[in-house]
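Examining the three-dimensional arrangement
Next come the chains, spelled out residue by residue.
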Amino acid sequence: MDKFESLRAFDRVVACGGFAAAAREMGLSRSAVNKLVMQLEGHLGVQLLQRTTRRVTPTEVGLAFCDRARAILAELEAAELAVSQLHEEPRGTLKINAPMSFGILHLGPAVADFMRRYPDLQVQLTLNDRAIDPIEEGFDMTLRIAKPPEYTTLIYEAIAPVDRLLCASPGYLETAGIPTHPRELPNYSCLHYGYLATGNQWKLVGPDGEHTIPIRGTLCSNNAQVLVEAAVAGLGIILTPDFIAAKHLQRGTLRPILPDYRPPKISLYVVYPPNRYLSAKIRLFADFLRDRFQRE
């Protein structure tokens, strides 16, 4: 029995939620993946997966074993990549998840430059704005623009600060008027980001302290670019990272408002499991992003 291949098969079945999806990801047949897992169960003398006609879930023993298996696979991969670095040609696959707007505007070009520098390292980049657990969903690392949660088992490594600002179109401000204090914002249409940690409230800090403002508006979206385009169309005020609104601010199709009031500081972070801390490919990519975005 190939223990490492069996561990990989078991890990992918748990992550993908079934044999068929795991087989597609591994490039094997469903029966081959099932055989690998059954060999592992036979070797250990325990049942790792609960199989029904509709779903496959890890048993209690399987769930505990999965954490150890992933740690072993991560260490093996880190060792392989560390050896490959001796030849200055890192190899393998780096699976990354990142926010949609940031990924399109900035990360995509950065990944292209990174891959040109390291042509033997493959990258799988998935973009969505939903906060995910890289362990559960099979990513080596994720990128998040936020504040790290107070309690987490993941490692958050700061890459670069991200500024946010309030802005709206000149047309909207001409019609609705320009607010002079955050307490006036409930009287305006505020375009709302659906994954904001503070819910339907904006926190702003200014010369007179911190303000928590309940906001209302006609549009809520889980994508910041959608909100920026809506603001340009005159639908209301947005609170957005400046890198997303930059071209519209330069063109004058958006105008900053309440410049003395800003939300609490956030940053761009790479997020990864503790057992990936020494992974050569993660270290390489994190250092590359830090150098690039801090200069930008």
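The following paragraphs examine the structure supplied in this document. Since this is a predicted model, take the numbers as computed values, not measurements.

Membership of the largest hydrophobic core comes to 39 residues, with the highest contact counts inside it found for Leu 143, Phe 285 and Leu 289. Examining the composition of this core, we find that seven residues originate from one element, helix H10 (residues 280–295), more than from any other. Look past the residues within four positions of Leu 289 in its chain and what remains in contact with it is Leu 107, Ala 110, Leu 143, Ile 159, Val 270 and Gln 294. Core analysis: the next-biggest nonpolar cluster, separate from the first, contains 17 residues, Val 33, Leu 48, Cys 66 and Ala 69 among them.

Throughout the structure, instances matching the rule amount to 15 salt bridges. For the salt bridge of Asp 11 with Arg 70, the shortest nitrogen-to-oxygen distance reads 2.4 Å. Of this pair, Asp 11 sits in helix H1 (residues 3–16) while Arg 70 sits in helix H4 (residues 60–85), and the two are 59 residues apart along the sequence. Judged by its relative accessible area of 8%, Asp 11 is buried. Relative accessible area serves as the criterion here: at 14%, Arg 70 is assigned to the buried category. In this structure, Arg 290 and Asp 287 form a salt bridge, with 3.0 Å as the shortest nitrogen-oxygen distance. In this pair, Arg 290 and Asp 287 both sit in helix H10, three residues apart, roughly one turn of the helix. The network of salt bridges with shared partners includes Asp 11, Arg 12, Glu 25, Arg 70 and Lys 95.

Rules of the game
Residues numbered from 1 in each chain as written. Predicted model: local features only at pLDDT ≥ 70, side-chain atom pairs only at ≥ 80, totals over all residues. Heavy atoms only, no water. Core = buried A, V, L, I, M, F, W, Y, C linked by side-chain atoms within 4.5 Å. Buried < 20%, exposed > 50% of the residue type's maximum accessible area, 1.4 Å probe, protein only. Helix = DSSP H or I, 4+ residues; strand = E, 2+ residues; numbered from the N terminus. Contact = heavy atoms within 4.5 Å. Salt bridge = Lys/Arg side-chain N within 4 Å of Asp/Glu carboxyl O.

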